[in-house]
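Overview (structure and organization)
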Amino acid sequence: MTNAYEEYMRQMIKPMRDELTNAGFQELTTDEAVEEYMESASGTTLVVVNSVCGCAAGLARPAVTQSVINSDKKPDHLVTVFAGQDKEATTKMREYFGGIEPSSPSVALLNGNKVVHFIPRHDIEGASMEDVMNNLTTAFEKYC
């Protein structure tokens, strides 16, 4: 049975999830889903570690979605996990990030299941949306 807090949080974060899924991102909500995806990953994948914080809402999600929409070169696949909400999925995804310190929000570009570019929270928070978009599109040009 779901308690009132969990239901409230589900409703509260739905628009935060929808912002990415409406832009074509596949949500990975369990550790099994992450492992299944990552073990068969091919080509390039953009992974967004989503978050409820202000820099996710004001910078990370808009910059990611606009970069994907407006870039000539794009990752082959788009996936997301939600830190603090889908905890097991997020923990499992971070295992594939190797020695990179956990950060949310954050964005990883993978080739296969190896990180080739990573944008941690400290490179998002306080940056302009254009700076984050330029960071992403430069990575897309190099790796996609």
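Here is a short report on the structure shown in this document. Nothing here was measured: the structure is a model prediction, and the numbers come from that model. (Residues numbered from 1 in each chain as written. Predicted model: local features only at pLDDT ≥ 70, side-chain atom pairs only at ≥ 80, totals over all residues. Heavy atoms only, no water.)

Section: the overall build of the protein chain
A tally of regular secondary structure across the protein chain gives 5 helices and 5 strands. Ordered by position from the N terminus, the helices and strands of the protein chain form the series α-β-α-β-α-β-α-β-β-α. Taking 15 Å as the expected radius of gyration for a compact globule of 144 residues, we find that the protein chain reaches 14 Å, a close match to that expectation. C-alpha extents for the protein chain along the principal axes are approximately 45 × 35 × 25 Å. Counting over 144 residues, the protein chain shows a buried share of 44%. For the protein chain, the share of sequence-separated contacts (at least 6 apart) that also reach a separation of at least 24 residues comes to 72%. Carbon together with sulfur atoms contributes 49% to the accessible area of the protein chain, which is approximately 7,400 Å² in total. With 12 positive and 21 negative side-chain charges, the protein chain shows a spacing of 1 Å between the two charge centroids. (Helix = DSSP H or I, 4+ residues; strand = E, 2+ residues; numbered from the N terminus. Rg over C-alpha atoms; globule rule 2.2 N^0.38 Å. Buried < 20%, exposed > 50% of the residue type's maximum accessible area, 1.4 Å probe, protein only. Contact = heavy atoms within 4.5 Å. Areas by Shrake-Rupley, 256 points an atom, 1.4 Å probe, with all protein chains shown as cover. Lys, Arg positive; Asp, Glu negative; His and termini not counted. Charge placed at Lys NZ, Arg CZ, Asp CG, Glu CD.)

Considering helix 2 (residues 31-39)
Among the residues making up helix 2, those that are buried are Val34, Tyr37 and Met38. On an axial view of helix 2, the arc spanned by its buried residues comes to 90 degrees, and they lie on one face. Exposed residues lying more than 90 degrees from the buried face of helix 2 are Glu32, Glu36 and Glu39. Buried residues in helix 2 make contact with strand 1 (26-27), strand 2 (44-50), strand 3 (77-82), helix 4 (87-95) and strand 4 (106-111). (Arc of directions from axis to C-beta.)

Let's talk about the packing of helix 1 (residues 4-21) against helix 3 (residues 54-70)
Angle between the axes and distance between the axes are the two parameters that describe a pair of packed helices. The interhelical angle for the contact between helix 1 and helix 3, taken along N-to-C directions, is 20 degrees, at an axis separation of 9 Å. With respect to helix 3, the axis of helix 1 lies roughly parallel. Regarding helix 1 and helix 3, the two cross each other, and that crossing is left-handed. Here Met16, Glu19 and Leu20 of helix 1 come into contact with helix 3, specifically with Arg61, Pro62 and Thr65. Across the contact of helix 1 with helix 3, the residue classes break down as 3 nonpolar, 1 polar and 2 charged. (Axes fitted to C-alpha atoms, helices over the stretch in contact; angles between N-to-C directions. Parallel < 35°, antiparallel > 145°, perpendicular 65-115°, else oblique. Left-handed = near helix turned anticlockwise from the far one by under 90°. Nonpolar A, V, L, I, M, F, W, Y, C, P; charged D, E, K, R; others polar.)

Focus on a negative patch on the surface
Taken together, the side chains of Glu32, Glu35, Glu39 and Glu88 present a region of like negative charge at the surface. A per-element tally of the negative patch places helix 2 first, with 3 residues. Mapped onto the elements of the fold, Glu39 is located in helix 2. Accessibility expressed as a relative area gives 54% for Glu39, which makes it exposed. (Patch = residues over 30% accessible without salt bridge, like charges linked within 9 Å, V, L, I, M, F, W, Y side chains within 5 Å. Salt bridge = Lys/Arg side-chain N within 4 Å of Asp/Glu carboxyl O.)

So, the packing of aromatic side chains
Here the distance between the centres and the angle between the planes together describe a pair of aromatic rings. Counted according to the given criterion, the structure contains 1 aromatic pair. For the ring pair Phe97 and Phe118, a centre distance of 5.6 Å and an interplane angle of 65 degrees mean the geometry is edge-to-face. Placement of Phe97 in the loop between helix 4 and strand 4 and of Phe118 in strand 5 (residues 114-119) is noted, with a sequence separation of 21 residues between them. Accessibility expressed as a relative area gives 6% for Phe97, which makes it buried. Of the residues examined, Phe118 reaches a relative accessible area of 18% and is grouped as buried. (Phe/Tyr/Trp six-rings, centres within 6.5 Å; stacked < 30°, edge-to-face > 60°.)

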